[in-house]
Amino acid sequence: MFSSDDIKKLSKLAHLHVNPEDEAQLCKKLGAIIEYVGQLMEVDVSGIEPMSHVHGSQNIFRADEAQGQLPIEALMS
């Protein structure tokens, strides 16, 4: 799926140094990633509501209230 020329171009664009002996392995790995993304694109998510987190919690803030100071001796030790 990727050629060594593609890897050279990508590494130049990303300002990465890729050893020539690693190009073949990188071609296979990038091809596998693109193939997996293609599989994900085929999943029907039309009935799923978009979310920003995988868990259901929302922002939970505590009241911003001034509290007592720590003793200087404790901070310095």
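Our structure is the block above this text.
Reading the values: rules and limits
Residues numbered from 1 in each chain as written. Predicted model: local features only at pLDDT ≥ 70, side-chain atom pairs only at ≥ 80, totals over all residues. Heavy atoms only, no water. Helix = DSSP H or I, 4+ residues; strand = E, 2+ residues; numbered from the N terminus. Rg over C-alpha atoms; globule rule 2.2 N^0.38 Å. Buried < 20%, exposed > 50% of the residue type's maximum accessible area, 1.4 Å probe, protein only. Areas by Shrake-Rupley, 256 points an atom, 1.4 Å probe, with all protein chains shown as cover. Lys, Arg positive; Asp, Glu negative; His and termini not counted. Charge placed at Lys NZ, Arg CZ, Asp CG, Glu CD.

Engineer: Honestly, the overall build of the protein in this entry has me stumped. Any pointers?
Structural biologist: Scanning the protein from terminus to terminus reveals three helices and zero strands. Along the protein, from the amino end to the carboxyl end, the secondary structure elements read α-α-α. The C-alpha radius of gyration computed for the protein amounts to 25 Å, which surpasses the reference 11 Å derived for 77 residues by more than 25%, pointing to a less compact arrangement than a globule. Considered along the principal axes of its C-alpha atoms, the protein spans approximately 65 × 45 × 20 Å. Residues counted as buried form 6% of the 77 residues belonging to the protein. Carbon and sulfur atoms make up 58% of the accessible area of the protein, which totals about 7,800 Å². Each charge class in the protein was averaged separately, 6 positive and 12 negative side chains, and the resulting centres sit 12 Å apart.

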